[in-house]
Amino acid sequence: MRSTVTFSKPGYTSQTFNNLNFVNGELIYLDVVLFSESIVPFAGSVVNSENIPVSGASVFVSNNQSAYNFTADAQGEYSRCDLQPDQYTIVAGTWGYVTNCQENLSLSTNNAEVTSTLEIGYYDDFQFNFGWTQTSASAAGLWERVIPSGTENNGVFSNPNIDASDDCNGFAFVTGNSMGTGPGSDDVDDGCSRLLSPSMDLSNGVDPHISFKYWFYNGGGNNTTPNDSLFFRLRQNNVDFTVGRVSSAQPMSQWVDYSFRVKDFLTDLDGIQFIVEACDFPAGHLVEAGIDMFKVDYFGFVGLPSTSTSELKASIVPNPSNETARLVSNNGINNIVITDLCGRIVFQASQTETFQEIQLPTNLISGLYIVEYKGKAGHGATRWLKN
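To keep things clear, this report deals only with the structure shown in the data block. (Residues numbered from 1 in each chain as written. Predicted model: local features only at pLDDT ≥ 70, side-chain atom pairs only at ≥ 80, totals over all residues. Heavy atoms only, no water.)

## Focus on the overall build of the chain
- The number of helices and strands found in the chain is zero helices and 28 strands.
- Against the compact-globule benchmark of 21 Å for 387 residues, the chain has a radius of gyration of 27 Å, which places it well outside the compact range.
- Considering the chain as a whole, with its 387 residues, one finds that 46% of them fall into the buried category.
- Only carbon and sulfur atoms are counted for the fraction: they give 47% of the accessible area of the chain, which is about 19300 Å².
- For the chain, the distance from the average position of its 19 positive side-chain charges to the average position of its 41 negative side-chain charges is 9 Å. (Helix = DSSP H or I, 4+ residues; strand = E, 2+ residues; numbered from the N terminus. Rg over C-alpha atoms; globule rule 2.2 N^0.38 Å. Buried < 20%, exposed > 50% of the residue type's maximum accessible area, 1.4 Å probe, protein only. Areas by Shrake-Rupley, 256 points an atom, 1.4 Å probe, with all protein chains shown as cover. Lys, Arg positive; Asp, Glu negative; His and termini not counted. Charge placed at Lys NZ, Arg CZ, Asp CG, Glu CD.)

And the structure:
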C-alpha cells in the first residue's frame, strides 16, 4: 500500500512525500527541509541592576504554541534562530535574585532582542528549579514542584488544583501530586514531609521579612478531630527554629498569605534556610500542603551609630540627578550608606580620611534612595531622586 506523509510546523512551509512504500521492519530515510520567510533570530540577555551579566540564569520563553528553556552563558546571553513573530512571555531568574517576568512582548525581525534585569534578593514562584530539596519520613505525600492537578475529598479540594494567583506561571510546590487518584492515595501519611530552601544571606538588607502563600488541608479520618499540622521553620547551623504552625483551625483548601520577621527568631542573618513541613500524626487523617510565591522583603533603613552632635550637614547636588551627583557637606564625611525604599543596601563606602565632597555611584537604576552619611562631626540622612 502506497502512503503520503506530510511534515509541518507552525510558521514553516510544509513538505509532502507521496507514493511511499512502507515495509514492516525496513527503514525509509527522507530528507526533510522546512522553510520559513518570517523566522526571528532571537537574542536575549540577563543582567543585574548594575548591568552586570548574570551567568547561569534560567530563562523560559513561551507563546501559545511553543515553549523554550535556556541557560544564560558566562556573558548572560542566550539565543535561538527560529522563533516565529508573535507575542511572548519571557521569564528569567536564579537564586539570589528576584525573578523577572515580561509578558506580551512582541518579537519580530525588527524587534528580536530582549534584556531581563534581575534585582538582588530572594523570590521563588517555582517556575524554575532553584534547588529546593525534600526529605520525608512519611510513607507518601512527597513534595513536588509541579503544575497542581488537584484531588477532592467530599467535594472539597484537599490538594490544590491551581497555583497561587499573581505570579507568572502555574507552578507550585505541593505534597503528592498523583493525577487522577483519590484523596488518600498520595497524601502525607504516617510521618512528616519536609521541603528545604537553598541557603540565604540576609545580612545585606535591613529587617528582613519572609512571606509566601501556603495551602493546607486536614480532614477525613475515622470520625475524629483532625490533629495534624503544617510547620514553618528557619534553619541555621543545622539547628531548626519553629516560626509558625498551621492546623485545621485555620482556613483550609485555599491559598493563604503568611509572613514573619526573621529577627524575631535569629540575630545572625547569614546561612539561613527556610523549611516547610507537613506532618501526619497518629489517627489517620488526610494531610495535603503547598507553598508558592516565596519572597524576602526588607523594611526600615540602615541605622548608623547614635551621636549627640548634629553639626554635620550635607546635601546632594544636583537632586534630582540624571547622571552624576555629589554629596556635599559642611564638614568631613568618611562613611556613606545608600539604601532603596525596601531597605536594601545598594551602595556603601567607608574610609579613614574625611571628604567634603563624595561622588555618588552612577550605575544605580532610577528611583528614590536614602543616603545616610557619617563623619567626625555627627551623622545625618537625605533623600536622593535618581532619574
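## Digging into the packing of aromatic side chains
- Counted under the stated rule, the structure contains 24 aromatic pairs.
- Summarising the aromatic geometry, the rings of Y214 and F232 are spaced 5.6 Å apart at their centres and angled 55° between planes, so their arrangement reads as tilted. Of this pair, Y214 sits in strand 18 (residues 208-219) while F232 is found in strand 19 (residues 229-236), placing the two residues 18 residues apart along the sequence.
- Given a relative accessible area of 0%, F232 falls into the buried group.
- The ring of F231 carries R233 above its face, with NZ or CZ at 4.5 Å from the centroid. (Phe/Tyr/Trp six-rings, centres within 6.5 Å; stacked < 30°, edge-to-face > 60°. Lys NZ or Arg CZ within 6 Å of the ring centre and 35° of its normal.)

## Some details on the environment of M200
- Along the chain, M200 turns up in the loop between strand 17 (191-196) and strand 18.
- Owing to a relative accessible area of 1%, M200 belongs among the buried residues under this scheme.
- Spatially, the C-alpha atom of M200 lies 24 Å from that of D163, the residues being 37 residues apart in sequence.
- The residues contacting M200, other than those within four sequence positions of it, are W95, Y122, I210, L269, D270, G271, I272, Q273, F274, F294 and V296. (Contact = heavy atoms within 4.5 Å.)

## Overview of the pairing of strand 28 (residues 378-386)
- Here strand 28 shows one buried face, formed by G378, G380, T382, W384 and K386, and one open face, formed by H379, A381, R383 and L385.
- Linkage of strand 27 (residues 367-375) to strand 28, two consecutive antiparallel strands, is achieved through a turn of two residues. (Pairing = 2+ DSSP bridges.)

## Overview of the pattern of salt bridges
- Counted under the stated rule, the structure contains 11 salt bridges.
- Among the ionic pairs, D264 bridges to R261, the shortest N-O distance being 3.0 Å.
- Take D264: its relative accessible area is 51%, and that puts it in the exposed class.
- Connected via shared salt-bridge partners are R194, R233, R235, D240 and E277. (Salt bridge = Lys/Arg side-chain N within 4 Å of Asp/Glu carboxyl O.)

## What to know about the sheet that holds strand 7 (residues 86-93)
- With respect to topology, four strands assemble into an open sheet ordered 5-4-7-9, the strand pairing being antiparallel. At either end of the open sheet lies a strand with only one pairing partner, and these are strand 5 (67-71) and strand 9 (100-107). The average undirected angle you get between the axes of adjacent strands in this sheet is 20°. (Axes fitted to C-alpha atoms, helices over the stretch in contact; angles between N-to-C directions.)

## Let's talk about the nonpolar core
- With 39 residues, the main nonpolar core has M200 and F274 as its most contacted residues.
- Secondary-structure elements contributing two or more residues to this core are strand 18, strand 19, strand 20 (239-246), strand 21 (256-261), strand 22 (273-280) and strand 23 (286-298).
- When residues in this core are grouped by element, the largest group, six residues, is from strand 23.
- Counting 20 residues, the second largest nonpolar core, distinct from the first, contains V61, L83, Y88 and A112. (Core = buried A, V, L, I, M, F, W, Y, C linked by side-chain atoms within 4.5 Å.)

## Observations concerning the state of the cysteines
- The full count for this structure, using the stated rule, is two disulfides.
- Two residues share a disulfide in this structure: C192 and C279, whose sulfurs sit 2.0 Å from each other. The chirality of the disulfide connecting C192 with C279 is right-handed, given an S-S dihedral of about 115°. A residue pair is termed long-range when its members are at least 10 positions apart, and C192 in strand 17 and C279 in strand 22 qualify at 87 residues.
- Within the chain, bonded cysteines paired by disulfides and numbered along the sequence follow the pattern 1-2, 3-4. (Disulfide = S-S within 2.5 Å.)

## Here's the deal with the pairing of strand 18
- The buried fraction of strand 18 amounts to 11 of the 12 residues, a majority that puts the element mostly inside the structure.
- Relative to strand 23, strand 18 is paired through 11 bridges, and the arrangement is antiparallel. From the neighbouring strand, I210 faces strand 23, where its bridge partner is V296.
- With six bridges connecting them, strand 18 and strand 21 associate as antiparallel partners. Opposite S211, over in strand 21, you have S259 as the bridge partner.

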